[in-house]
Amino acid sequence: MATINKTLMAAVMLLLGFIAANFGITGAQVGVCCGLLGNNLPPISEVVALYKSNNIKRMRMYDANHAVLNALKGSNIELILGVPNSELQRLTDASSAASWVQSNVVPFWPSVRIRYIAVGNEVSPIHQASLAQSLRPALVNVFNAVRSAGLNEQIKVSTAIDTTLIGKSYPPSEGAFRDDVRWFVDPIIGHLVWAKTPILANIYTYFSYVGNPGDISLPYALFTSPSISVWDKGRGYQNLFDAMLDALYSSLEGAWGGDLDVVVSESGWPSAGGTGATLDNARTYYTNLIKHVKGGTPKRPNKPIETYLFALFNENQKSPELEKNFGVFYPNKQPKYNLNFGVQRNWDLLAEHNSTTLSISSDM
C-alpha cells in the first residue's frame, strides 16, 4: 500500500509540475491598466519592471505609445493596446487603419504579446454622436488590417462599450440596451459575434453606489455583504459587480450577442476625492475583486472573468480630484495596498496539492 501511495504522490506531483511549467500561475485573470497622465511617474522601463516584480501578467494601455511598446518587448506581459477616441474618425479610412496597424502592431509582434486592440473607449451615441458614427467603420477597418497582416487569430480587435447605454439593469436577467442606441450597439455586437471576439466593458460599482446610495449599500458594492441581497429568477446576488456584469450579459443576449464573452477592461475604486473614496474601501474592493473574478457570476458560474484593475498609479494630471486617486501604486512605486496579483504562485499550488496528496495517502 505504501508503494501505491508513493506512486500516486509522484504522479500527482509530476502532473502539477507540468501544469506549473506550461501555464504559470493560477488565477492569472487580473491585469492592471497603465495610465500615464502624471508628471511624477517613473520611467517606462521601471513601470514594466514593476509589473514583472509584482507578477502582473496583463496590461491595458490607452494608445500606441512606442516607448511602452519597446519596453514591453520580451516581457511576456499580455497587452490590450488602445486606439484613442481621437483616432477613430481618421481610421474610418481603410488605408489609414492599415497604416496604423503596420506602424503600431506589426513591428512589435510577437515580442510584445498584444492580446486585444481596443478601438475606442466608451463611445456614446448620446453624447458623442459624430464620434459614434465613426466607431464601427474604424473597428472593422482595424480588424481587416490585422487580418491582412495574418494576425487575426492571435490578436482580437474589439471596443470598450459604454455601459451607461444599458437602459434597464435591474433585475439583471432583464438587462437591456436603450432602444434609442440600438442602431449603434447592434452592428458593433454583430461584428464581434461574427469575428468571435469578446466585447470589453468598464465595470465600476463605485459610481453606481455613489449615484444611488439609497438603494445600493456600501457592502454590496465592496463584495462584503454578509448575505444575498438580490434574488433574480433563482439566482442570488451578494455583490453589485456580478449584478452589473450579468445585466450586461442579458443586454447582449437581447441584441443577438449572447455568445459573446466579456472582458472587464477597467474596474476600480478611488482612495480619495469623493463619497466613499477611502483607502480602506479601495483596499477592500481591489482585494475582493481579485479573489472574486476567479469564479464567474450567477448567470455564468465557474467561468473566470478576465479583469483589469484601474489603475496602476495615481495620476496627478487628471481631473476632477477623484480621478487622480485610482492607483494601486503610488508614483514612487510603493504599493498603496497589499494586493496579491498572482493569486497563487506555482510553488504555493504545489505545496497545497502536496498536502492534499499526503492526506489522501494517509486515508489509504
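Just above sits the structure.
S.K.: A description of the packing of aromatic side chains should follow, citing residues and the corresponding values.
M.R.: On inspection of all chains with the given rule, the structure shows 16 aromatic pairs. Judged by centre distance (5.3 Å) and plane angle (75°), the ring pair of Tyr206 and Phe207 falls under edge-to-face. For Phe207, a relative accessible area of 34% corresponds to the partly exposed category. For the ring pair Tyr206 and Trp269, a centre distance of 4.9 Å and an interplane angle of 75° mean the geometry is edge-to-face. Within this pair, whereas Tyr206 is found in helix H7 (residues 205-211), its partner Trp269 is found in the loop between strand E11 (262-267) and helix H10 (279-292), the two being separated by 63 residues in sequence. One residue, Arg300, lies across the ring of Tyr249, its end atom 3.9 Å from the ring centre.

S.K.: I'd like a rundown of helix H2 (residues 44-53), residues and numbers included.
M.R.: Among the residues of H2, Ile44, Val47, Val48, Leu50 and Tyr51 are the ones counted as buried. Looking down the long axis of H2, one finds its buried residues gathered within 150° of arc, a one-sided arrangement. The exposed set on the far side of H2, more than 90 degrees from its buried face, consists of Ser45 and Ser53. Considering only its buried residues, H2 is in contact with strand E1 (30-33), strand E2 (58-61) and helix H3 (66-72). Directly after H2, the chain includes Asn55, whose backbone phi takes a positive value near 60°.

S.K.: Account for the environment of Ala255, naming residues and giving values.
M.R.: Relative to the helices and strands, Ala255 is located in the loop between helix H9 (240-253) and E11. By relative accessible area, Ala255 is classed as buried at 4%. As for Ala255 and Pro187, which are separated by 68 residues in sequence, their C-alpha atoms are 9.3 Å apart. Apart from the residues lying within four places of it in its own chain, the contact partners of Ala255 are Phe177, Arg182, Asp186 and Ile189.

S.K.: Could you give an account of the packing of helix H5 (residues 129-148) against helix H6 (residues 182-195), naming the residues involved and the relevant values?
M.R.: Angle between the axes and distance between the axes: these two values describe a pair of packed helices. Remark: H5 packs on H6, axes separated minimally by 9 Å, with the N-to-C direction vectors making an angle of 15°. Our classification of the angle between H5 and H6 gives roughly parallel. Helix-helix and strand crossings are classified by hand; for H5 and H6 the assignment is left-handed. The segment H5 lies against H6, with Ala132, Gln133, Leu135, Arg136, Leu139, Val140, Phe143 and Arg147 engaging Trp183, Phe184, Pro187, Ile188, His191, Leu192, Trp194 and Ala195. Among the residues making up the contact of H5 with H6, the classes are represented as 12 nonpolar, two polar and two charged.

S.K.: Break down the pairing of strand E4 (residues 113-121) for me, with residues and values.
M.R.: Pairing of strand E3 (residues 78-83) with E4, which is carried by six bridges, proceeds in the parallel orientation. From the neighbouring strand, Gly82 faces E4, where its bridge partner is Ala118. Regarding topology, helix H4 (residues 94-104) serves as the crossover connection from E3 to the parallel E4, and that connection is right-handed. In this structure, E4 lies alongside strand E5 (residues 156-161), joined through four bridges in parallel fashion. The residue of E5 that forms the bridge with Asn121 is Ala160. Regarding the hand of the β-α-β motif, the stretch spanning E4, H5 and E5 is right-handed.

S.K.: Could you give an account of unusual backbone geometry, naming the residues involved and the relevant values?
M.R.: Here the bond from Tyr170 into Pro171 is cis, since omega is -5°, no more than 30 degrees from zero. Considering the arrangement of structural elements, one finds Pro171 in the loop between strand E6 (166-168) and strand E7 (176-177). At the junction of Ser319 and Pro320, the peptide bond is cis and its omega measures out at 0° in the coordinates. One can find Pro320 in the loop between strand E12 (307-309) and helix H11 (346-363). Here the phi dihedral of Lys196 falls at roughly 55°; this positive angle occurs in a residue that is not glycine. Despite not being glycine, Lys333 shows a phi value in the positive range, around 80°. Of note, Lys333 is situated in the loop between E12 and H11. Residue classification places Lys333 among the partly exposed residues on the basis of a relative accessible area of 29%.

S.K.: Which residues make up the pattern of salt bridges, and what values do they have?
M.R.: Under the counting rule described, the total for this entry stands at 16 salt bridges. One salt bridge in this structure joins Glu78 and Arg115, with 3.3 Å as the shortest N-O distance. Placement of Glu78 in strand E3 and of Arg115 in strand E4 is noted, with a sequence separation of 37 residues between them. Under the relative-accessibility criterion, Glu78 is labelled buried at 13%. Glu87 is paired through a salt bridge with Arg90; the nearest N and O atoms lie 2.5 Å apart. It is possible to trace a salt-bridge network through shared partners that takes in Arg58, Glu78, Arg113, Arg115 and Glu306.

Thresholds, definitions, all that
Residues numbered from 1 in each chain as written. Predicted model: local features only at pLDDT ≥ 70, side-chain atom pairs only at ≥ 80, totals over all residues. Heavy atoms only, no water. Phe/Tyr/Trp six-rings, centres within 6.5 Å; stacked < 30°, edge-to-face > 60°. Buried < 20%, exposed > 50% of the residue type's maximum accessible area, 1.4 Å probe, protein only. Helix = DSSP H or I, 4+ residues; strand = E, 2+ residues; numbered from the N terminus. Lys NZ or Arg CZ within 6 Å of the ring centre and 35° of its normal. Arc of directions from axis to C-beta. Contact = heavy atoms within 4.5 Å. Axes fitted to C-alpha atoms, helices over the stretch in contact; angles between N-to-C directions. Parallel < 35°, antiparallel > 145°, perpendicular 65-115°, else oblique. Left-handed = near helix turned anticlockwise from the far one by under 90°. Nonpolar A, V, L, I, M, F, W, Y, C, P; charged D, E, K, R; others polar. Pairing = 2+ DSSP bridges. Right-handed = clockwise from strand over helix to strand, strands pointing away. Salt bridge = Lys/Arg side-chain N within 4 Å of Asp/Glu carboxyl O.

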